[in-house]
Amino acid sequence: MNGLALVFYGGILLLIAVGIWGILSRRNLIKVIMAITIIATGVNLLLVSVGYISGRAAPIVGGDTGIDASSTTGSVVDPIPQALVLTAIVIGLATTALALVAAVGYYRKTGSLELKSWSYGLTNEKEVKK
Amino acid sequence: MNELVFIALATLMFILMIALAVMVIRSKDLIKAAILLSGVSLIASFVFVLLRAPDVAMAEASIGSALTAIILVFAIKKTNRFEEGGEEK
Amino acid sequence: MMERTTFHRSLPAIALALLFAATLFVAFVEVDFGEPRIEEELPVNYQPGEEIDTENITTPGLRYLANSSEETGSANLVTAVVVNYRGFDTLGEVTILFLAATGVGALLSFIKDDDEKKKKKILPPSLILNKGARLVLPLIILFGVYVFLHGHLSPGGGFQGGVIIASGMLLFYIAEPTKGASHKVISIIESTAGLAFIGLGIVGLMTASKIFLANDFAGDWGEVGMLVSAGLLPLIYIAIGFKVGSEMTGLVEKMRGDGS
């Protein structure tokens, strides 16, 4: 475990922890969706940083990059986590939009974005019905 | 790149990112939170460049900081701008 | 006073989140950062550039690194993995994207009904934004097309190029709040691109290897680094670019609603 590992894993896991704190402590639906987006960013960073190799170049070869296209082994980072994360980011936007539309539907039904009836001890029947 | 420069840049970016994320969660104004969230994504795309992932950085920069923010703003415009207890401030 | 009560309420949440992060951190102490983990199967005195026997290699990353330029002809290894080695997976991802976009449209059509009463007045955008967007929009779309056309040579590809086009269209929507791209045109582009993806996969069924989404023309038309070097791969990425671009444009337009 070196200093770089401490910075990257520690920073990313703290970012994910901030997202979890947001989900657990906020009752506004759109704020919860924002917290989920923060967690998604953290997980993407974690996956890419697991595939990183110190001192290697980006996985692009040939031409001006100076890496021989026929022997890429030993000179570039692992491309598989990057390919995984690339599609995950695009899917993340579509699912965020779907969740937001669901939140807008909740607002139209109840007149509020707050999840009152789901948090114990704070239920207020009159306000839930409104 | 020099190892020391790399570690200093990474530390700075993570401190900024976590600070912005905490501000997103604490802010009562949802539009402000959406814009801060796009800042988190922008810094994350810089970290992807540090991790030698230019493809992912391009996707994160355009999706995270442009499209996610605007979709959030459109959804907020259809609902309430402020979280409960935030209007009077 | 108000601040203190909210802080009290979120204290257990902070504790739980930090506990979660600490647990994961303990797990990640074992995972070395920046180590060449994919190269554990290499021979002991391996020199860069040496031929390796890929028959016995089980780590996918190492196998892709060793073979990708002969098998795909792509200079960008991420593109090689996304479109060539995991092409079927990408077809699934594009399907998820399509389903999510359709779901947004379907849910919004249920919600819309009682929205008609309170139609707000739309403020016209400023002259500078309006004219500037008209000037910049063709350049942004050109850049997006460049990014997905050169997806196998430089950073970028269908997903990034499509999203860049969508953000250009977003600028257009902000500059012209009353106008929008035709839904019909968007859905025609989207379905044509999706069919082109599957059609290019069926081409793989008909050529030598008889596998869905196989890329048998790799390297036949040029060296690595040329625009035509990667066989069917750039064509598939162009289809993905059009599909993602039109889908994201449609998504943003659906979320915008009717001029609110």
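See the structure above.
Because the structure is a prediction, the values reported are computed rather than measured.

Q: I'd like a rundown of the overall build of chain B, residues and numbers included.
A: Helix and strand counts for chain B stand at 3 helices and 0 strands. Out of the 89 residues in chain B, the part that is buried amounts to 61%. For chain B, the share of sequence-separated contacts (at least 6 apart) that also reach a separation of at least 24 residues comes to 61%. As presented, chain B carries roughly 3,600 Å² of accessible surface, and 69% of it is formed by carbon and sulfur atoms.

Q: Mind laying out the interface of chain C and chain B, listing which residues take part and the relevant values?
A: Facing the 21 residues of chain C at the interface are 17 residues of chain B. For the pair chain C and chain B, the two sides together bury roughly 1,800 Å², of which 72% comes from carbon and sulfur. Three residues, C:Gln160, C:Val163 and C:Met255, lead the burial of chain C against chain B; their summed loss comes to 28% of the area buried on that side. Counting every contact that joins chain C to chain B gives 4 residue pairs in polar contact (both at pLDDT 80 or more).

Q: Tell me about the interface of chain A and chain C, residues and numbers included.
A: Contacts between chain A and chain C engage 54 residues on the former and 63 residues on the latter. Interface area for chain A against chain C, summed over the two sides, is near 5,100 Å², with a carbon-plus-sulfur share of 76%. Sorting the residues of chain A by area buried against chain C places A:Thr73, A:Val101 and A:Arg108 first, and these three jointly supply 13% of that buried surface. Across the contact surface, chain A and chain C share 0 salt bridges. The interface formed by chain A and chain C contains 5 residue pairs in polar contact (both at pLDDT 80 or more).

Q: Could you give an account of the nonpolar core, naming the residues involved and the relevant values?
A: Note on soluble globular proteins: their nonpolar side chains tend to be buried together. With 125 residues, the main nonpolar core has A:Phe8, A:Ile30, A:Met34 and A:Leu45 as its most contacted residues. At 15 residues, the largest contribution of residues to this core is made by helix α3 (residues 79-110) of chain A. Residues from two domains meet in this core; each of domain 1 (2-67) and domain 2 (75-256) of chain C gives at least three. If we ignore the near neighbours within four places in the chain, the residues touching A:Ile30 are A:Leu100, A:Ala103, A:Leu113, B:Leu30, B:Leu72, B:Ala75, B:Ile76 and B:Thr79. Judged by nonpolar contacts, the second largest core, of 6 residues, contains C:Leu42, C:Tyr46, C:Ile52 and C:Ala66.

Q: Please give an account of a nonpolar patch on the surface that cites residues and values.
A: On the surface, A:Ile23, A:Leu24, A:Ile36, C:Leu16 and C:Leu19 cluster together to form a nonpolar patch covering roughly 450 Å² of accessible area. Secondary structure elements with two or more residues in the nonpolar patch: α1 (3-25) of chain A together with α1 (2-28) of chain C. Following the sequence through the fold, C:Leu19 ends up in helix α1.

Q: Lay out α1(A) with the relevant residues and their values.
A: When the terminal C-alpha atoms of α1(A) are compared, their 32 Å separation across 23 residues agrees well with the 33 Å that a helix rising 1.5 Å per residue should span. In terms of residue burial, α1(A) counts as a mostly covered element, since 18 of its 23 residues are buried.

Q: Lay out the packing of aromatic side chains in plain terms, naming residues and giving numbers.
A: Following the criterion strictly, the structure yields 12 aromatic pairs over all chains and no others. Both rings, one in A:Tyr9 and one in C:Phe33, keep their centres 5.8 Å apart while their planes meet at 85°; by these two values the pair is edge-to-face. Here A:Tyr9 is found in helix α1, whereas its partner C:Phe33 is found in the loop between α1 and α2 (60-71) on a different chain. Each member of the pair, A:Tyr9 as well as C:Phe33, is classed as buried. Ring geometry for A:Tyr52 versus B:Phe6: centroids 5.8 Å apart, planes at 10°, classification stacked. Within this pair, whereas A:Tyr52 is found in the loop between α2 (29-50) and α3, its partner B:Phe6 is found in helix α1 (residues 3-26), the two belonging to separate chains. Neither residue differs from the other here; A:Tyr52 and B:Phe6 are each classed as buried.

Q: Report on the packing of α3(A) against helix α3 (residues 54-78) of chain B, specifying residues and quantitative values.
A: Look at α3(A) against α3(B): their axes get within 10 Å of each other, and the N-to-C directions meet at 0°. On the basis of the axis angle, α3(A) is roughly parallel to α3(B). Residues A:Gln82, A:Val85, A:Leu86, A:Ile89, A:Val90, A:Leu93, A:Ala97, A:Leu100, A:Val104, A:Tyr107 and A:Arg108 of α3(A) form the contact with α3(B), whose own contacting residues are B:Asp55, B:Val56, B:Ala59, B:Glu60, B:Ile63, B:Leu67, B:Thr68, B:Ile71, B:Leu72, B:Ala75 and B:Lys78. Partitioned by chemical class, the residues of the contact of α3(A) with α3(B) number 16 nonpolar, 2 polar and 4 charged.

Definitions and cut-offs
Residues numbered from 1 in each chain as written. Chains lettered and ligands numbered in written order. Predicted model: local features only at pLDDT ≥ 70, side-chain atom pairs only at ≥ 80, totals over all residues. Heavy atoms only, no water. Helix = DSSP H or I, 4+ residues; strand = E, 2+ residues; numbered from the N terminus. Buried < 20%, exposed > 50% of the residue type's maximum accessible area, 1.4 Å probe, protein only. Contact = heavy atoms within 4.5 Å. Areas by Shrake-Rupley, 256 points an atom, 1.4 Å probe, with all protein chains shown as cover. Buried area = accessible area lost by both parts, 1.4 Å probe. Polar contact = N/O pair within 3.5 Å; in protein donor to acceptor, adjacent residues only side chain to side chain. Salt bridge = Lys/Arg side-chain N within 4 Å of Asp/Glu carboxyl O. Core = buried A, V, L, I, M, F, W, Y, C linked by side-chain atoms within 4.5 Å. Domains from an automatic or database assignment. Patch = residues over 30% accessible without salt bridge, like charges linked within 9 Å, V, L, I, M, F, W, Y side chains within 5 Å. Expected span 1.5 Å × (residues − 1). Phe/Tyr/Trp six-rings, centres within 6.5 Å; stacked < 30°, edge-to-face > 60°. Axes fitted to C-alpha atoms, helices over the stretch in contact; angles between N-to-C directions. Parallel < 35°, antiparallel > 145°, perpendicular 65-115°, else oblique. Nonpolar A, V, L, I, M, F, W, Y, C, P; charged D, E, K, R; others polar.

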